[in-house]
Every structure is written in C-alpha cells, then in structure tokens.
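Architecture and fold: a report
Each chain is listed here by its residues.
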Amino acid sequence: MGIVSIAMMVALLALAAAAEADTDSMFPFVIPWSDASKTVTNVSFLNDGPAGSHGYIVVKNGHFVESDTGKRIRFLGVNLVAGSAFPNHADARIVARRLAKYGVNLVRLHHMDNCWNNPKGTIWNLNYSDHRHINPQQLDRLDYLIYQLKRHGIYVNINLHVSRQFSPADGFPASVNDIPFSFDKRVDYFDPRMIELQKEYAHQLLTHVNPYTHTAYTDEPAVLNVELTNEDSLVGDPWSSLGHGLKELPQPFLGELQQLWNRWLAHRYGTTAKLQTAWLKNVAPPGPDLLKSVTDLPSWALEQHRNTKANLSNEGDALRVDVVQTDSTDWHLQLHQAELNIQDGYTYTVRFRARANPAREMPVYTSLDEPDWHHIGLEVTAHLTPEWKQYTYFFTARHTVPDHSRLVFVLGNQTGEVELAQVRLSAGVEGGDLQPGQSWTNGTIPIPDGGLPKQWADWIAFLTHIERAYNHQMRDYLKNDLHLHASIICSQISYGGLSGPYREDASEFADDHAYWEHPSFPHRPWDPVDWFIGNTSMVPAIGHSDTLTAMAEYRIAGKPFTVSEYNHPAPNDYQSECVPLYASFAAFQDWDAIYLFDYGSYGANAANDQIQSYFGVGSNPAKWAFMPAAAMIFRDDEITPAGESVTVSIPAESYEAELAQFPTAYDLWDHYGISRKTTLSRRMGIQMASDTGIRKSGKSGNSMLECVNSDPATAFYTADAPAAKVVVGFIGGRTVTVGRVRFEFGDTPHHFAALILNSMDRKPLSESSRILLTAADRVENTGMVWNAAHNSVNNNWGTAPSLADGVPVAITMPVSGLRKVYALTDTGALGQEVPSTYQNGDITFTAGQSYRTLWYAIVK
C-alpha cells in the first residue's frame, strides 16, 4: 500500500468517526453581529478606500467601472429594509464595519417610503396625515448610515417608490383606497398626480445635502443607482394584465387608463375602420368545440402532486373542485383535458364561466400533454370571484403535436372551492371586435379582458408604451432637472415578461429579482402562522426550472446585469445552498452586482443570534458564513466568466411583433432551440439589433460549472476554477473530485451539503498560503418546530442560539509546501488545530461536527 493511500485511509477513519458523532446533535453557531475583527474571514481589503474615492461609477463596455481609473468593479450587496435603513448612530458604525468585513460593498435602501405607522421604520413624518413630509430625525439617521457605509467602501442603491400608499390626504379622491394593487403599483405608471408626487419625493430626498458627507445625493459618488419603482409592471408577468384587475380599477383611474388607450389607438390607426380591419384580419369564425362537456367527468383529469389534495365532482352543469391542501408550487394541483388536436398556427378561442370561494387567481394555459410539456400559446390568469363571471381568451397555437395538446386550469395556489361551467375551446374567434357605438372619438373602446390576436398585441404594446414613457419622463426629470449623476433603472427586467427590455431601453443596466421557494400564504397575505414552503433543494432543478437560469435569460447584452433581491428563504432544510450557487453562477455568467434579501434587523435590541424569519441573512449562518468566500469568488474574480457566449437578437423596429409572439424570455430562447442547460457552459444575453437570430462567440475559459443529473436524491453541482471549488448537493457518503481536489463526504442528516474551498490571498489553491473552507448542511434555531408535513414551522421559529450541522468531509488537495489546518471560531479567528498529513505535495485533513464550526483555514 502506497504512502498516499495510507494517508487517505487515516482520513477516512477520522471521517467515519466524525460522521458517527454527527448523527444526533447540532451545535450552536452564531456569527457576532458587532464583530469586525481582522481574522481569516475578513475580506474588507476588497473595499478600496471610501466609496466614490475613484470617481463616479459609470458604465463602459457593458460593465460598471470607476470613472477616474476605468477599473471594473463588481458588487456584493444586501438590502436594508424599512427600520434597518434608519439605525441610531452607534449601530450604523457597527453595521458598516461588519458589512465591510464580510465583503459587502453595496447596500440597497428599500421600503424606506412605507406607510406602516412605525415612526422608527419609515422616512415619513407621521405627525402629518399625508405621506409628503420627510421626518428630519429619520433623515438624519439615514444620512449618518450612508456616511458610515461610504467610509467603509460601501455604495448605496436608493429606492424611490416601494411601499408608499397614496391616500386622500395626498390629494386623491377617496377611491384611491380601493385600488386593488399593493402600494398603488401599476397606477403609478400613468396617473398624473402620482407621478407628480413621485417627482416631489425624489426632489426632497435626492437634492438634500447630507450634513456628514457635505454632498447632495444627486452629486454623491457613493450612490451607485436610483430605482424608480420596485417590482412594478402594467403588463404583468407575463400578459396576465389581460383580465388581471385593470378593469377593476375604481374611477377616475379606470377612466384615465381607458382614455390613454383610446388616444393611443387613434394615433396608431387614424380611423376606426382601419382599426376594425386590422383586428379582424385573418380571423376565422368559430369552429366546433374541441372539448368534452364538463358533465363528462372522466374526460377531465385532476392532477395532484406531492402534498396537494383536492376533490372533483359535478355540481349541476358545472365542474366543482374542492381544494383541500396545497404546497408552494401552484401547478402541483391542476385540472385539465388532454388529447386535444390543436393545430400549429391556428387562432383559437377559450370561453368559460367560473366562480370561486374565496376569490382567487387561476392561471389558465395550453400545453402539450406529453414531455416536454411545453406551453403552446395560451398563458393567462383569470381572476375569479364568488359570483359567476364569463371569461374569453384568444391565442395563436405554436409548437403543437397532433392530438397531444391539453387545456389546463391551475388550482394549487390556495385552498377553497372552484366551479367551472360552459367550458369551450374552438378554432376561430367568437366575438372580441368593436361593438356598436364604440369609438376612440368618444373614448368608449374598453380595456380588453381577452382580445383578438391583434387586439391582444395592441393592448400589450400600449401598456409597454405607457411603462416606457414613464421611465423616460422620470429619467428626464432626475437627470436634467435634478442633475443626478447616478445610474437609473425603472423596475425589474422580467416584470412584464419580454416587455421589460423595451421599458428599460434607456436604463444604464438591467436588474432582476428571484426567490427559490418563496413562502406561500394560502389564505391571508403574510400570515405569520398560515404559510408553507416547498422545502426542497434547487440543485436538481438547475438547467431547466431553477431561478438562476430564469434570470440569466433576461440579461441584456452590452449592459451591466444586477440581481437586487435573491434568497432561498428560511427555514428550508437546504438553504445553505443559496450563496454558493448564487455567487458561482453569477460569476460564471459575468453579472455585475448580486444582493441578498434582506440583511434583517440588527442592533442592541435585535435578535442577532438566531434566524429571524424567512429572509434576514445577517443572523443566519446558512447564508452569512458563506459571504467571505462569495466575495472572493464574485468580486475578486476567483471564478472567471464563461469564455463562450450566446446572444439572441431582436430587431428594434419589429420588437412589438416579437413581443406578441414571445411573452417571456424563455419563449424567445426556446424558439431558437437554446436549452436552459446552456447557462452551465455559456454566458447568455438578449440584444436589440438590426437582424434576428442567435450569435455564438468566444472560447472556453478557466472556470467550469457542472450539474450532475436532476435526481432529487442524488443531484449535485460543482464549480471549478484554479482559486475556488464549489460543491453543493446530495453528496453524503460519496466521493466528488473537482479539478485536483478530492472530497470524501461522510453521511449527513439529509445526505446534503454545501461547500466552498477558496483562496484568500488571490493565488491559485495549489499556491495559496491562506485558504478558507466553508461547509454547512442544515441550519435552524434552537427549539424550532416543524409541522407534520415538514413544510412550515408556522410561528414556532424557536429561539437563540442558531444551530448548525457541520459537514463530515475528508479533503485531499495539492499545496506548495507544509500547511496547517485550523477550525475557526465564530469570528473567523484561528481555533483548534485539525490533524493533517502532507505527502507528495498533497495535504489531507478531515472536517466534521466535533469542531463545532462552519469555517476552516489552511494556512502556511
């Protein structure tokens, strides 16, 4: 037996002992909220002086650069939300130092404009009945926070409209309280008074001179960007605004929108006759019904996945579905009729009557009834009420297979009763054209809740035009009237589907949001007891239905791409995968800024030593422990971008036609035959160009991503670069080799682990004299209690301290000379030495539960 084999045997014996010791207990692991000590995990050296000390951040060659040096800069950020954006001065100093220690160089100031009646959590002066007066004490706290962030090399992203709710006290009619959209979103794109007040707030905040930096925010180089309106789209996601409540707007807001729609049609067509001709062109009369009756119960399939449960029955001439139990994925419960002969290129009408108790949103679509189950044209959301209503939708079929289509009603988003009657699907069009007396001359062409194919296209084009006009108007005000230096975006690029890139055409960069298994609230929004999550790992979904791939499809070629909200929310058993997957994927795709949502509460009176809720990462070791490694991987280029790229081009002059054909970026990429797995080998991007099609360029780089199968029990993901290795997935009891590093994993409670091994001195691992290992499995609070389905803890989050499962793993890797291995303390300081062997240029050591840490250092 060779000497290296003996070393490995020793390591494996230690691994077996570690795994055996790991079966029964988790250990406390709390990263102190006030610590900024100079330890192995301190990467504040990445923040090169005060933010803005090298000029404004500008865009050059598709990336952010410092205006004075031309040097590219990437950002690792967090969100400070509501009260977290207004700390006292002592806490501001502490949090700025801590953020810098862990590699943060960008903070998004979010929900500052909320109207939640907490004087310490909003920018508004609650002594006034309106929301137009800024509280000077709160503004001082914000100023000082930004001053401290700037001192420590941390830039800010200032959000304007997030959760401001307008009221009659702001000069609106009482009906403003009846707008059915949270925080008056959508209406804020077109209502003149709302736009006027958004400008007023921007002027108050951005032209204010910070007394600590002595600079107005319009001139402040530490302000990276201003965001106009968070997660806001008239169009919907995607096209769901057809029947998505806009017709339910109260007056005068409904009238405002209808008048804009009529004026837009008049400008486009000139005469009503031309409009009628355009809308009815190539429209065939209705054909026979393709569906079997709702009274033919066996012809309808009630599909139930995982923990969902429902009952299907007839109620007179109607189908009735009693939804008893749902999970976090709406399509896990669906009603459909299959084996339909929907033909490619034909226009179809879907009509039905429906009601629901309680009211609900019901996605309706057409798809194949066989793998790969892709959608074939219809993609809408019906808004059901307890009263019977008629719903009519039109679509043009694409990518069909003879006799293998289906009509689907998605029912898994909440419990309750749903009834359907007179369901009909036919080729051709039933109604939808102008009715007698309807004309734009008297403003009576109504807002559609369905539409002929051309009417549909016009409606989407109109809504996109309104969004784009708003973006241009607000940009013009901020840039030309207020003289703002920072970049501006309107909203998130995927909100509104593929209309987003058109809306954001003037924006300097593109931004997006995503969450893997966001908590669902089946009955009351944000109910602290009645909620659930899917509680699965994203790894098996990578390359086909994961959140990162979905965002990559919206990247705009030639512009920076940022993600200002992302998380795998607690208490997911696999949440430790979040940061390793996010940072490595974003680095490989060459994104420019990534944030986690959100940092959470902090300060002397906060729950700093436990998981606070779904999102707060600052006190959650499953996320925060990986931040130093993420900073090195992403900000310091340890995982380099993919050398090859693929870009899909859309001609600017035919963008509206493309928009009607491809509601989402996925539809566009799918049309050109680009698999979602492409994100593991190439950078992706969309661009406006003079031609249409796909362009591939570049050659292989130094980094590689790989996802090994999609089996929920065995899938794992790796990222390989000279200075960093990432392993995430169901790897308990397995051996994984990444480059020249060998990982021998012991078993874990979920057979799952997330791990990053990376250099901390900007050298390849084989030459580095300071290497960090971060490894975690499950993290939860003391006394956290899961429900029987293991998909919610309701309000039983437990107490401090947070607990962690370590990862038993034996690692063999090449190094240049003798090294020592240490378990690190909760501040990242050197702790207990870990036995290791060094033979033939390789070091071997074993990490495990007994060291009671998520961090290890391999040092010279």
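Let us look at the structure shown here.

About the thresholds
- Residues numbered from 1 in each chain as written.
- Predicted model: local features only at pLDDT ≥ 70, side-chain atom pairs only at ≥ 80, totals over all residues.
- Heavy atoms only, no water.
- Helix = DSSP H or I, 4+ residues; strand = E, 2+ residues; numbered from the N terminus.
- Rg over C-alpha atoms; globule rule 2.2 N^0.38 Å.
- Buried < 20%, exposed > 50% of the residue type's maximum accessible area, 1.4 Å probe, protein only.
- Contact = heavy atoms within 4.5 Å.
- 1 Å grid on protein atoms, 1.4 Å probe; cavity = no way out; pocket = protein on both sides within 12 Å on 5 of 7 lines; lining within 4 Å.
- Points joined across faces, edges and corners; volume = space filled by probe spheres on them.
- Nonpolar A, V, L, I, M, F, W, Y, C, P; charged D, E, K, R; others polar.
- Expected span 1.5 Å × (residues − 1).
- Polar contact = N/O pair within 3.5 Å; in protein donor to acceptor, adjacent residues only side chain to side chain.
- Axes fitted to C-alpha atoms, helices over the stretch in contact; angles between N-to-C directions.
- Parallel < 35°, antiparallel > 145°, perpendicular 65-115°, else oblique.
- Left-handed = near helix turned anticlockwise from the far one by under 90°.
- Pairing = 2+ DSSP bridges.
- Salt bridge = Lys/Arg side-chain N within 4 Å of Asp/Glu carboxyl O.

**Overview of the overall build of the protein**
For the protein, the count of helices and strands is 14 helices and 41 strands. A compact globule built from 860 residues should have a C-alpha radius of gyration of about 29 Å, and the protein, at 28 Å, falls within 12% of that. Considering only C-alpha atoms, the protein reaches an extent of 90 × 65 × 50 Å along its principal axes. The burial tally for the protein puts 61% of its 860 residues in the buried class. In the protein, of all internal contacts separated by at least 6 residues, the share reaching a separation of at least 24 is 74%.

**Overview of the environment of glycine 733**
Position of glycine 733 among the secondary structure elements: in the loop between strand 29 (724-729) and strand 30 (735-738). Remark: the alpha-carbon pair of glycine 733 and aspartate 747, spanning 14 residues in sequence, is separated by 4.6 Å. Non-local contacts of glycine 733, meaning those with residues more than four positions away in its chain, are made with Phe745, Gly746 and Asp747.

**Concerning the layout of surface pockets**
There is about 590 Å³ of room inside the second largest pocket. Residue assignment for the lining of the second largest pocket shows that the elements contributing at least two residues are helix 6 (272-280), strand 16 (375-384), strand 17 (389-396), helix 7 (453-481) and helix 13 (655-661). Here the element with the most residues in the lining of the second largest pocket is helix 7; it accounts for four residues. Of the residues assigned to the lining of the second largest pocket, the class counts are 13 nonpolar, five polar and four charged.

**As for helix 2 (residues 89-101)**
With 13 residues, helix 2 should reach 18 Å at 1.5 Å per residue; the first-to-last C-alpha distance of 19 Å fits that figure. All of the buried residues along helix 2 are Asp91, Ala92, Ile94, Val95, Ala96, Arg98, Leu99, Ala100 and Lys101. Considering only its buried residues, helix 2 is in contact with strand 4 (75-81), strand 5 (106-110), helix 3 (136-151) and helix 11 (621-624). N-capping of helix 2 is provided by asparagine 88, with a side-chain oxygen placed 3.1 Å from the backbone N of alanine 90. In the stretch just after helix 2, glycine 103 is the one whose phi turns positive, near 95°.

**A short note on the packing of helix 2 against helix 3**
Running from N to C, helix 2 and helix 3 cross one another at 30°; their axes reach a closest spacing of 9 Å. Classified by the interaxial angle, the pair formed by helix 2 and helix 3 is roughly parallel. You can see that helix 2 and helix 3 cross each other, and the crossing is right-handed. Of the residues in helix 3, those touching helix 2 at His89, Ala92, Arg93, Val95, Ala96 and Leu99 are Asp140, Tyr144, Leu145, Gln148 and Leu149. Looking at the contact of helix 2 with helix 3 residue by residue, the classes come out as seven nonpolar, two polar and two charged.

**What to know about the pairing of strand 12 (residues 318-325)**
Summarising the sheet, strand 11 (residues 309-315) and strand 12 pair through seven bridges and their orientation is antiparallel. Its bridge partner lying in strand 12, asparagine 311 is registered against aspartate 322. Pairing geometry for strand 12 and strand 19 (residues 416-427), over six bridges, is antiparallel. Paired with arginine 320 across the strands is glutamate 419, a residue of strand 19.

**Structural notes on the environment of proline 749**
Within the fold, proline 749 resides in the loop between strand 31 (741-745) and strand 32 (753-759). Between the alpha carbons of proline 749 and aspartate 805 there is a distance of 8.3 Å; along the sequence they are 56 residues apart. Every residue in contact with proline 749, bar those within four places of it in the chain, is listed here: Asp777, Arg778 and Asp805.

**Quick notes on the pattern of salt bridges**
Inspection of every chain in the model, using the stated rule, returns 31 salt bridges. Ionic pairing is found between glutamate 227 and arginine 108, a salt bridge with its closest N-O pair at 3.0 Å. A residue pair is termed long-range when its members are at least 10 positions apart, and glutamate 227 in strand 9 (residues 223-229) and arginine 108 in strand 5 qualify at 119 residues. Considered together, glutamate 227 and arginine 108 belong to a single accessibility category, that of buried residues. Between lysine 454 and aspartate 458 there is a salt bridge whose closest N-O contact spans 3.5 Å. Note that lysine 454 and aspartate 458 are positioned in helix 7 at a spacing of four residues, about one turn of the helix.

**With respect to the sheet that holds strand 15 (residues 360-368)**
With respect to topology, five strands assemble into an open sheet ordered 10-13-18-15-16, the strand pairing being antiparallel. Of all strands in the sheet, those with a lone pairing partner are strand 10 (301-304) and strand 16, marking the two edges. The sheet shows a mean angle of 25° between the axes of neighbouring strands, direction not considered. By the bridge criterion, four bridges tie strand 10 to strand 13 (residues 333-340) in an arrangement that is antiparallel. Paired with glutamate 303 across the strands is glutamine 334, a residue of strand 13.

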